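Observations on the model geometry
Here is how the chains run, residue by residue.
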Amino acid sequence: MSGVREAYAARAGEYAAFIDGLDLTADSTWIETWARSVRGPLLDLGCGPGHWSARLAAQGHDVRGVDPTREFIDLARARHPEVRFDVGGVEDLAGRHRYGGILAWYSLIHLAPGQVGGALTQMHEALPPGGSVLLGFFDGPHGAAFDHAVTTAYTWSAVTMAAELSHSGWRISRVQHRQEAHTRPHASIAAVTD
């Protein structure tokens, strides 16, 4: 993952400006609906420049953002000083039942297919029974690599990602698909711990 961190570090400001220019209405409706269903603090895993953390905090949620790229955390802290941001990643989710929900919005897209199951298990262990996760990812053939704007990423079919979640102890609660003109297909899955 060090190559991914370095790639994002080199383009952190550019990426933040790109995010600022996006219409995130469709994503925000889904993320905010999910967040209202969560009991307990939220973790924005792979928070980037902190836009989702800040939006959720503004709605009254207790949220913490983490990202492995220090440059993103520096940007997030400067832009949103009211929110707690720390350098970290899925590998740092030590401790059981620390959060009520984990938002992993396109946070696992750079993990090789063989690494995703372990990440989902670590996320499961950080939540209590009934805890929730919301994953966003690129929908497509399982484990197909593509040239993401920053560094290599992978697509997942929603069926395969749901199977990975189930295998890691999650119960699927909702699956969504989205296709917009001139973009890759997207999918998201909400799941809860048993």
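Here the structure is shown first, and the text comes after it.
What you see is a predicted model; the values in this text were computed from it and never measured.

Cut-offs applied
Residues numbered from 1 in each chain as written. Predicted model: local features only at pLDDT ≥ 70, side-chain atom pairs only at ≥ 80, totals over all residues. Heavy atoms only, no water. Helix = DSSP H or I, 4+ residues; strand = E, 2+ residues; numbered from the N terminus. Polar contact = N/O pair within 3.5 Å; in protein donor to acceptor, adjacent residues only side chain to side chain. Phe/Tyr/Trp six-rings, centres within 6.5 Å; stacked < 30°, edge-to-face > 60°. Buried < 20%, exposed > 50% of the residue type's maximum accessible area, 1.4 Å probe, protein only. Lys NZ or Arg CZ within 6 Å of the ring centre and 35° of its normal. Pairing = 2+ DSSP bridges. Right-handed = clockwise from strand over helix to strand, strands pointing away.

Side note on the environment of serine 107
Counting through the fold element by element, serine 107 comes out in the loop between β4 (101-105) and α6 (113-125). Through-space distance from the C-alpha of serine 107 to that of glycine 21 is 20 Å; in sequence the pair is 86 residues apart. Within polar-contact distance, the side chain of serine 107 engages the backbone oxygen of leucine 45 at 2.3 Å.

A closer look at the packing of aromatic side chains
Two aromatic rings are characterised by how far apart their centres lie and by the angle between their planes. Going through the model one piece at a time under the given rule, you end up with 3 aromatic pairs. With a centroid separation of 5.6 Å and 80° between ring planes, the pair formed by tryptophan 105 and tyrosine 106 is classed as edge-to-face. The class for tryptophan 105 is buried, based on a relative accessible area of 9%. Since its relative accessible area comes to 18%, tyrosine 106 is described here as buried. Above the face of the tryptophan 30 ring, arginine 174 is positioned so that its terminal group lies 4.5 Å from the ring centre.

Side note on the pairing of strand β3 (residues 84-87)
When strand β2 (residues 63-67) meets β3, the two strands line up parallel, connected through 4 bridges. Bridge assignment links aspartate 67 to a residue of β3, and that residue is valine 87. Taking the sense of rotation as the criterion, the β-α-β connection linking β2, helix α5 (residues 70-79) and β3 turns out right-handed.

Honestly, that's just the spatial picture; any functional story needs more than this.
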